[in-house]
Structures are given as structure tokens and as C-alpha cells.
Amino acid sequence: MLRSDLIFLRPLEADDLEFLYALENDPAVWGVSDTLAPVSRHVLRQYLDSAAADFFEVRQLRLVIVAAATGVAVGTLDVFGFEPLHQRAGVGITILAAHRQQGYARAALALLLPYAQQVLRLHQLHCTIAADNTTSLQLFAAAGFREVGVRQEWLRTAEGWQDAVEMQRLLGK
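For every chain, the first residue of the written sequence is number 1, and numbering continues from 1 along that sequence. Two thresholds apply to this predicted model, a pLDDT of at least 70 for residue-level local features and 80 or more for giving and counting side-chain atom pairs, whereas whole-chain, interface and lining totals are computed over all residues. Side-chain metrics in this entry use all non-hydrogen atoms of the structure; hydrogen atoms and water are not considered.

Further remarks concern the pairing of strand β7 (residues 146–157). Should DSSP find at least two bridges between two strands, the strands are regarded as paired. Helix and strand assignments follow DSSP, with helices taken as H or I runs no shorter than four residues and strands as E runs no shorter than two, numbered in order from the N terminus. Bridging between β7 and strand β8 (residues 160–170) involves eight bridges; their strand directions are antiparallel. Bridging from a neighbouring strand, V150 pairs with V165 of β8.

Next up, the structure:
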């Protein structure tokens, strides 16, 4: 199991339905998850039924971030868009609002990096972050990701168009 003193990462389980319902239906994260509408429990139940599929087959992996001290699910870590030929994938982290700024995302990313390299055999990870999300930009920079470009007016938000920063981390360096 992927574990630190602060958190552990585990696969999705059938009883994660209400946790996912709260996470996926938080309008504050819709802009970064390309979601425009609430997600039903029925759709999430179907998703949970197929969540155990092999990473190399479905080309994505979602792990639940759990606070080690309490056993409470606080967020998710997603590895997605896996490209086998190029050995790369995207990474995204979402933390429930009540649990932000407590080091959970940093700890999850620290556990992911060696796992991605040694177990998933990835050469690199990349992420797309809204240009005004300074917390996430600092998080990924501190984990060794570097800015490789800015996509102009990439994200449509309630306030209008927003730039997105592309970041990349070569693993093993």
C-alpha cells in the first residue's frame, strides 16, 4: 500500500459512493474537471463497478487519498491519459474543500512519483493548471514539475476565459 505518516492511497471501493458524490458535485472543481453539471449517484455507481479495471487496459487510475490519522477519505489522485508508447500520463489531484491546505495533496504527489516510475514504468507525468491557481502551481513546482508552456484562454470559467499552465516532470531525474 502507498502510505506515509500523513496519508495512504487506496483504490476506489464500493462504499465510496457518497464520498465521490460530494467530490464530483462540488461546483468549485468543475472548471478543472471539465464538468458542467452534477453527476448522479447512478452514474457514479456504474463508475465504481468498473473502477477496478487494469491501468494498462483502461489507461487511467484513480486512487483515494485517506488521512492516516482518521481513516477519512479527503480527496482523489488521478493518473489519466496514459500513453504506453511514450510512457507518459497526466496527473490531477482533488481535495475536498474542508481538507485543503493540510498537506494531503503534497503527500499524495510524493507517494505517486516513485510509484509512477517504478511500478507503472512511466517516463514522465504532466498536468494542466489554471493560471490563477497559485496553490496548485506551487505544489507541482515543489514536486519538481516545471512549466513548459501556457495555453491562452484554455479554460472557460464563470468569469470568462482563463489561461492554463502546462507542467511536466521527467521521472528519475
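Non-glycine residue Q101 carries a positive phi angle of around 65°. In this structure, Q101 sits in the loop between β5 (88–95) and α5 (104–118). Between buried and exposed lies partly exposed: a residue is buried under 20% and exposed over 50% of the maximum accessible area for its type, with that area taken using a 1.4 Å probe on protein chains only. When its relative accessible area of 67% is taken as the criterion, Q101 is described as exposed. A positive phi angle, close to 60°, is found at R121, a residue other than glycine. Structurally, R121 is set in the loop between α5 and β6 (124–130). The class of R121 is exposed, set by a relative accessible area of 57%.

This brings us to the nonpolar core. Within the largest apolar cluster, 37 residues are counted, with the highest numbers of intra-cluster contacts made by I65, L122, L125, F140 and F145. Elements that contribute at least two residues to this core include exactly β2 (7–11), β3 (61–67), β4 (73–83), β5, α5, β6, α6 (134–142) and β8. Looking at this core, the element that brings in the most residues is α5, giving nine residues. By the convention used here, residues are in contact when the closest approach between their heavy atoms is within 4.5 Å. When residues no more than four places from it in sequence are discounted, the contact partners of L122 are V79, F82, Q87, R88, A89, A116, Q117 and L171. Residues enter a nonpolar core if they are buried and are Ala, Val, Leu, Ile, Met, Phe, Trp, Tyr or Cys, with the set joined through side-chain atoms within 4.5 Å.

Moving on to the pattern of salt bridges. Take a side-chain nitrogen of Lys or Arg and a carboxyl oxygen of Asp or Glu: if they are within 4 Å of each other, that pair is a salt bridge. Taken as a whole and assessed by the stated rule, the structure comprises five salt bridges. Residue D78 is joined to R62 by a salt bridge in which the shortest nitrogen-to-oxygen separation is 2.7 Å. Remark: R62 occurs in strand β3 and D78 occurs in strand β4; sequence separation between them is 16 residues. Using a relative accessible area of 15% as the deciding quantity, one classes D78 as buried.

Before going further, it helps to examine helix α1 (residues 17–24). Within α1, burial applies to L17, F19, L20, L23 and E24. Across the axial projection of α1, the buried residues extend over an arc of 160°, all falling on one side. This arc is taken over the directions from the axis of the helix to the C-beta atoms.

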